Each structure stands twice: as structure tokens, then as C-alpha cells.
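Structural features, examined
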Amino acid sequence: MITLVDKLIFVVIDGLGDRRCKSLFGKTPLEAATTPFLDFFAKNGKVGLVDVVDPSIPPTSETGILSLLGYDVLKIKISRGPLEALGVGIQLSDELAFRTDFATFRDGIIIDRRAGRIREGIKELEKAINERVILEDVNFVFKSTLAHRGVVIFYSEKFELSEYVSDTDPGKAGVPPKICKPLILGESEIRTAKAVNEFVRKSHLVLNFHKVNLKRKAKGLLEANYLLLRGAGIGLPKVRKLPEVYKKFWNCIAGSPLEKGIARLVGMNVVDIPEATGDVDTDLRAKVKALFDFFDEYDCFFLHIKGADEAGHDGNCELKKEMIEKIDGIFFSEIFSNVNLKKTILCVTADHATPCELMRHSSDPVPILICGGKVKKDEIDNFSERSCVKGGLGRLRGIDILGLLMRELGK
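Note that the structure is predicted; figures quoted are calculated from it, not measured.

A separate point is the sheet that holds strand β2 (residues 45-51). Strand-to-strand pairing in sheets goes through backbone hydrogen bonds, with the strands running parallel or antiparallel. Across the sheet, eight strands lie side by side as β9-β8-β10-β1-β11-β12-β2-β13; this open sheet has mixed pairing. The open sheet terminates on both sides in strands that have one partner only, identified here as β9 (269-271) and β13 (394-397). With strand direction ignored, the average angle separating the axes of adjacent strands in the sheet is 25°. One ladder, built from six bridges, connects β2 with strand β12 (residues 366-372); its direction is antiparallel. The residue bridging Leu-49 from the neighbouring strand is Pro-367, located in β12. Sheet contacts for helix α12 (residues 317-338): β1 (7-13), β10 (300-305) and β11 (344-349); angle to β1, the most-contacted strand, approximately 175°.

Turning our attention to the pattern of salt bridges. What the rule picks out here adds up to 30 salt bridges. One salt bridge in this structure joins Arg-19 and Asp-364, with 2.9 Å as the shortest N-O distance. Of this pair, Arg-19 sits in the loop between β1 and α1 (29-32) while Asp-364 sits in the loop between β11 and β12, placing them 345 residues apart in sequence. Taking relative accessible area as the criterion, Arg-19 reaches 28% and is therefore assigned partly exposed.

Turning to a positive patch on the surface, a few remarks are in order. Together, Lys-127, Lys-211, Lys-215 and Lys-219 give the surface a local cluster of positive charge. With respect to the secondary-structure elements, Lys-219 resides in the loop between α7 (211-218) and β7 (226-233).

What counts as what
- Residues numbered from 1 in each chain as written.
- Predicted model: local features only at pLDDT ≥ 70, side-chain atom pairs only at ≥ 80, totals over all residues.
- Heavy atoms only, no water.
- Pairing = 2+ DSSP bridges.
- Helix = DSSP H or I, 4+ residues; strand = E, 2+ residues; numbered from the N terminus.
- Axes fitted to C-alpha atoms, helices over the stretch in contact; angles between N-to-C directions.
- Contact = heavy atoms within 4.5 Å.
- Salt bridge = Lys/Arg side-chain N within 4 Å of Asp/Glu carboxyl O.
- Buried < 20%, exposed > 50% of the residue type's maximum accessible area, 1.4 Å probe, protein only.
- Patch = residues over 30% accessible without salt bridge, like charges linked within 9 Å, V, L, I, M, F, W, Y side chains within 5 Å.
- Areas by Shrake-Rupley, 256 points an atom, 1.4 Å probe, with all protein chains shown as cover.
- Lys, Arg positive; Asp, Glu negative; His and termini not counted.
- Charge placed at Lys NZ, Arg CZ, Asp CG, Glu CD.

Pasting the structure below:
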């Protein structure tokens with residue numbers, strides 16, 4: 001009797017990869033974590049390492065995910081703003097979109113790029129910006145999306161906006177925000193940069209004296225009194241849809257707008273999970289429930305799990321270790337208990353490494369495991385950066401991963 005392999009579960013744990021941490025006695029958070037279910041899958045499959053984009057290039061979240069889905073991100077112009085907008089259901093034509101973050105600004109310095117990962121009062125701040133900020137030659141719509149994250153969309157009837165302008169996000173705390181500058185010395189770029197700086201300046205004035213922030217300051221909390229903009233873009237890259245390429249129906253289960261936008265771009269159905277916070281308290285049970293709720297309706301499932309990345313950005317090795325254990329105990333325990341691996345391929349990897357010592361993305365290779373179906377296991381019995389060095393998959397390129405999985409699915 002022939003057992004058909006008919007499902008793929010592709011799990012990307014955001015920022016999973018790391019380096020050895022002193023506070024963890026020289027282990028990475030993944031090595032230090034107790035992960036019996038990930039170790040089971042590794043023991044019964046193959047492991048290896050992945051250079052997500054290129055050994056010399058730290059992936060962004062968008063380039064990392066698109067590369068893992070088989071797209072050559074070195075040949076595609078990818079802008080984060082339009083993908084974030086698409087993630088919250090906004091279809092753009094010639095409008096200019098930026099990803100935004102609420103930040104804390106004091107005495108000319110960005111104190112915190114995420115305003116303490118603010119959750120409460122953000123819709124009030126959104127409303128105040130949209131109602132009280134008026135620009136000279138440009139109109140805009142600002143939308144908060146998830147926690148400190150948001151998107152701003154500019155449009156104008158007076159001149160043609162340009163995407164060739166710089167970010168205002170300095171990429172780290174303890175320094176001043178950047179000024180938006182034209183990347184090309186054209187009239188459109190100069191006027192666009194001027195409008196962006198006007199928006200940032202005027203929105204800061206509104207936010208700084210808003211009651212939400214006055215209350216936060218009185219409680220000793222970080223104010224969300226500044227907006228950092230990055231990822232300017234007009235329009236979306238034209239890519240082949242995955243259902244067209246592989247003749248499989250795809251379902252995406254993710255919490256953050258970026259991942260939802262990418263999924264919609266490549267032709268996946270997207271499940272909205274209100275309980276997903278994009279942080280260490282994200283509802284993993286809701287995500288795995290969504291997987292099984294739709295399990296009979298789709299061939300392939302792309303699941304994105306945040307939390308470990310946030311801990312990495314905060315430089316918190318212990319919290320990252322705890323988040324990995326939480327993912328293993330809540331999410332992968334359900335995969336272990338409810339999925340027939342004879343008929344299902346499971347792949348677990350990361351879109352990039354976020355080493356706690358750096359508190360940012362790096363170009364370090366990330367671990368990967370593939371099991372199920374007719375995948376022949378190697379001799380590795382656990383899942384970690386160090387063990388994956390010796391795995392049977394060897395060292396792979398991110399762009400080759402999905403093709404490999406599709407070949408296994410076809411066996």
C-alpha cells in the first residue's frame with residue numbers, strides 16, 4: 001500500500017537563530033532551551049543550516065521570508081511599506097507607503113524605538129494624527145496595525161510622489177532620528193522628502209501632548225510621542241503566485257501585517273488571528289487551532305511565529321530561551337500529537353538570526369529541520385545551531401528551500 005504525502009507544514013520562527021550567550025553558559029537560546037518535540041522531529045528527519053539570503057547580507061523580515069518562499073530577492077525590488085499596507089487589506093496604486101513605529105523621543109534622542117512596545121491607547125493616537133495633522137501639499141492616512149507598528153500612506157494631487165527617499169528610523173536607540181532625504185536630486189524626491197519631514201514634525205507635536213502620552217509619562221511609562229518611518233514604496237513587486245507555480249492551495253497563519261502582506265502577494269489565503277500580538281505573549285494555541293481548523297481545506301500551510309525575534313531585539317537571552325520553550329511546548333506538541341508525519345512534510349526554520357548580543361538581524365546561517373513523508377533521517381538527535389552544522393541537509397540557500405520541500409511533497 002502506497003502512502004501519499006499530501007500536506008506541507010512550513011513553520012518560520014522569526015529570529016530563531018542566535019550566537020552563544022554568556023548568561024546561558026555559552027549556549028545559544030535554542031541550545032539552552034528544553035525542546036523535546038523539536039528534538040523529536042530533528043531525530044526523525046534531517047537538519048542543516050540555511051543562508052537565508054546570502055552569507056554576507058543580513059536579511060530583513062521581508063527578504064528573509066520571500067527568499068524562503070523561493071523568490072530571488074536580489075533581483076526583486078521589495079519595499080516594506082506597501083507590503084505592510086497589503087497586510088491590513090489596503091490595495092495601493094500610485095500612493096506612497098511607509099512602515100511606521102511609535103517611538104519615545106526626548107531631548108532630541110530616540111530613547112526607545114518601540115515606545116515600550118505600547119499596546120493601550122494606540123487607536124486614540126491614530127485618530128488624533130489623522131484628524132489634527134494637516135500637510136501643505138500632501139494628504140495621508142495613518143493606520144496603527146499591531147502594538148507599536150503601523151503604516152502611513154501619502155497621496156497628492158499637486159505633485160507626483162517618489163519612493164526614492166530615505167528612512168527616518170535610525171535603526172537603534174540613543175541617537176537622534178534621521179531626517180528624510182531625497183535619494184535622487186529630482187523635484188519629486190525633494191518635495192516628497194519635505195512632505196515626510198513635515199508629517200513627522202507635526203505628528204510629534206500632536207503625540208507629545210496627547211492625553212494618552214501624558215498619562216503614560218505620569219505612570220513612568222515610555223511615551224509614544226514620535227513616529228519612525230521606513231521602507232518607502234509605491235506599488236508591489238510582480239511575482240508568480242505559488243498556487244500557479246506548484247499547483248497547491250496555500251494557507252497562511254500569521255499575526256503581523258508584513259507576513260500577511262507577503263502571503264497575499266504570493267497567492268496565499270490569510271487567516272486573521274486577533275489573539276496574535278506579534279510579541280512574546282502571542283497566542284500560540286490560537287495559531288495551532290487555526291492550522292487544524294483549515295487542515296482539510298489546503299495542501300500547504302505557512303505559519304509564522306514571532307516572539308523569539310522580539311526577545312533577540314531586546315537582548316534578552318533568557319526570555320528568548322523561554323519563548324522557544326513555549327513554542328515547543330504549546331505549538332509543536334500539538335503537531336506531534338495530531339499530525340500524521342507519514343502523510344505530511346514538516347519544515348521548521350527561521351527568516352533570519354537575531355543574536356541577543358547584537359540586538360539586530362545578522363547574516364548568520366539559521367537552523368532548519370525537515371521530517372515526515374519519505375525524508376530519510378540523519379544521525380542528529382536534537383535541533384540547535386551547533387547540531388545542525390553536522391546535519392544531513394548540509395548548508396542550503398534560502399531560495400532553494402521551497403523547491404526542496406515541494407520535491408519531498410511529490411514523492
